[in-house]
Amino acid sequence: MLLAIDTATGIVGAALHDGERVRAEVVHHDVRRHGELLAPAIQEALREAGIPAAELTAVVCGVGPGPFTGLRVGVVTALTLAHGLGLPTPQGICSLDALAHQVMGTHEGELLVATDARRREVYWAHYAVGPTDARRIAGPGVCADADLAEQLRTLPTVGRGAELYPDAFSGVALPDVRDVRPGALAELAVRLRAGDHPDAETALLPPEPLYLRRPDAVEMRR
Amino acid sequence: MDEPLVLGIETSCDETGVGLVRGETLLFDAIASSVEEHARFGGVVPEVASRAHLEAMVPTIERACREAGVRLADVDAVSVTAGPGLAGALLVGVAAAKALSLGLGVPLYGVNHLAAHVAVDVVEHGPLPEPTMGLLVSGGHSNLLLVPDVTHDIRSLGATIDDAAGEAFDKVARVLGLPFPGGPHIDRAAREGDQVAIDFPRGLTSGRDMERHRFDYSFSGLKTAVARWVQAREADGEPVPVADVAASFQEAVVDVLTRKAVLACSEHGVDDLLIGGGVAANSRLRALAQERCDRAGIRLRVPRPGLCTDNGAMVAALGAQMVTRGRDASRLDLPADSSQPVEQVRS
Ligand SMILES: [Zn+2]
């Protein structure tokens, strides 16, 4: 039983996947209380699926990019839970990959994922979406909306970036895909781990946040 | 083996601490510090600290268990600093503790950092007298606490109204060209100096202040006075007597700290004073506190320096006391609270 968690966008949540299907998914829409909501969401998902934590066999987490504080809550939860259960080190997945995965079935062709990076910037990545998989062509990156190449900004877009900066993004916003659903992350993880995805070799990452930005701090001069 | 085995996690500032305590016995205290990463910034950078906590968390838990010779599966409860402290840093520890509690199926205790500074002495000097007076001095806090029961009844008698004592040490060290963190460097420099060379101000000790701020502290004016004194010397083209400035500054700090702590003991009828926090490692503070406590008939307790600075053992020690006394565990949705009041011992 695989546990997937993601805290990179506007959803804090957890999903359980048995290799065939998502067995439970618990989500909260709250970008301020990751620390409070995530562990109870995992507990609730386990309860919903009717299995004890000891029956988990793998943990995966979205590693962003996303606002750092929430991102760290997800990653440290995955790491510590896996360690506590004696499981292998969790695998990370770029959270934007999960968003692109979520449009399959409703969209084919090029796609821009743009999420809220705060400070008037977006996290972005560029995908080619086919009938069975979404493949990242470029990114992830972080920049001001207007600094993103014109040919990317005019693509169909998912994530909250386009609705935050409607002037910059003229492509069609696909309305139902705004935040990472942990169930989608779980599905993608199961396929990647099974080698059932063209990017299986590269898309599984170490469990470390994709910060993309250095800490704001000024070194002291003497 | 009836005594509870508790794993404690501390991440309120720049130390990732994981301690294992069984009952009142410390098994191991593992610390990973990011202080060197902060040194080049001249102070703790919250984002740098948070990143370091995340990287250090699992390795520090592993090391604590290995060195203590226990398996995680044997842990009876997990405790964690819920506040006060740096918000982002606290969150990493709290999330880790919740994950462990969830994974191991054991209770979780979100505890107050200041209470843990008091509770840690149990593993060094045995059960705490009730009540105990706590003087906590570090880069983040300067508090006088009346502690009838460290697991659920702590009363704040006073606190700094501006800088923490340790913060004043850091800032004065900077003025004197000494490295960060300033405490140990000032302590060392002061040994060569004359503590009565310069008469620096003692904050909040005048008649009216002793009415309104009887057990409060203030170190901001002292810090400014030191900076002005040094600037005046430099403006006159004279060398700065670093040792004398360090000794006189340090004396002003520890004089007020100990004077008010001993006064608080006498006025509240408390026979035991416990000093904790990083500044408790200061040799002059220990010496003067001992002298004044002896004179007033007060027993002084100071944990060894490694247990005075922030660490996981103190959180585990408090957690173990809570288990032993049958206190309720915390809920899994407990928040990290960067400004948690000291009266709130458990979240
Ligand atoms: Zn402290």
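Keep in mind that what you see is a predicted model, and the values were worked out from it rather than measured. (Residues numbered from 1 in each chain as written. Chains lettered and ligands numbered in written order. Predicted model: local features only at pLDDT ≥ 70, side-chain atom pairs only at ≥ 80, totals over all residues. Heavy atoms only, no water.)

Considering the layout of surface pockets
Right, so step 1: Size it by volume and the largest pocket reaches roughly 1,100 Å³.
Right, so step 2: Within the residue set of the lining of the largest pocket, elements represented by two or more residues are helix 1 (35–39), helix 6 (165–175), helix 7 (182–190) and helix 12 (305–308) of chain B.
Right, so step 3: Ranked by the residues each element gives to the lining of the largest pocket, the list is headed by helix 6 of chain B, at seven residues.
Right, so step 4: Looking at which domains feed residues into the lining of the largest pocket, each of domain 1 (5–120 + 311–324) and domain 2 (130–302) of chain B gives three or more.
Right, so step 5: Approximately 590 Å³ is the volume attributed to the second largest pocket.
Right, so step 6: The wall of the second largest pocket is formed by 34 residues, among which V31, R32, H34, G70 and R118 of chain A lie closest to the centre.
Right, so step 7: Elements with a minimum of two residues in the lining of the second largest pocket: helix 1 (34–49), helix 2 (68–84) and strand 6 (109–116) of chain A together with helix 2 (46–68) and helix 3 (87–104) of chain B.
Right, so step 8: Its residues placed into classes, the lining of the second largest pocket shows 13 nonpolar, 11 polar and 10 charged. (1 Å grid on protein atoms, 1.4 Å probe; cavity = no way out; pocket = protein on both sides within 12 Å on 5 of 7 lines; lining within 4 Å. Points joined across faces, edges and corners; volume = space filled by probe spheres on them. Helix = DSSP H or I, 4+ residues; strand = E, 2+ residues; numbered from the N terminus. Domains from an automatic or database assignment. Nonpolar A, V, L, I, M, F, W, Y, C, P; charged D, E, K, R; others polar.)

Quick word on the confidence of the model for chain B
Right, so step 1: Summarising the model, chain B shows a mean pLDDT of 96, and 100% of its residues fall at 70 or more.
Right, so step 2: The complex model carries a pTM of 0.94, and its ipTM stands at 0.96. (pLDDT = per-residue confidence, 0-100.)

Re the interface of chain B and chain A
Right, so step 1: Facing 32 residues of chain B, the contacting portion of chain A comprises 31 residues.
Right, so step 2: The junction of chain B with chain A conceals about 2,700 Å² of combined surface from both sides, 72% of it contributed by carbon and sulfur atoms.
Right, so step 3: Its largest share of buried area at the contact with chain A, chain B owes to R51, L54 and L102 of chain B, together 24% of the area lost on that side.
Right, so step 4: In this structure, R72 of chain A engages E47 of chain B in a salt bridge whose closest nitrogen and oxygen atoms are separated by 2.9 Å.
Right, so step 5: One can count three residue pairs in polar contact (both at pLDDT 80 or more) joining chain B with chain A.
Right, so step 6: Listed by contribution, the elements that provide at least two residues to the side of chain B that touches chain A are helix 2 and helix 3 of chain B.
Right, so step 7: The element best represented in the side of chain B that touches chain A is helix 3 of chain B, accounting for 10 residues.
Right, so step 8: Residue composition of the side of chain B that touches chain A, by class: 21 nonpolar, four polar and seven charged. (Contact = heavy atoms within 4.5 Å. Buried area = accessible area lost by both parts, 1.4 Å probe. Salt bridge = Lys/Arg side-chain N within 4 Å of Asp/Glu carboxyl O. Polar contact = N/O pair within 3.5 Å; in protein donor to acceptor, adjacent residues only side chain to side chain.)

As for the coordination of the zinc ion
Residue and element names in this part refer to chain B.
Right, so step 1: Coordination of the zinc ion by the protein involves H113 (NE2), H117 (NE2), H141 (NE2) and D310 (OD), with metal-donor separations of 2.1 to 2.5 Å.
Right, so step 2: For the zinc ion, the four donor atoms in the first shell make angles of 88 to 160° at the metal, so the coordination geometry reads as irregular.
Right, so step 3: Read in sequence order, the donor residues coordinating the zinc ion give the pattern H-x3-H-x23-H-x168-D. You can see H113 and its partner H117 sitting in helix 4 (residues 113–119), four residues apart, about one turn around the helix. (Donors = N, O, S within 2.8 Å, 3.2 Å for Na, K, Ca; no water. Tetrahedral: all angles 85-135°; square planar, octahedral: opposite > 155°, others 65-115°.)

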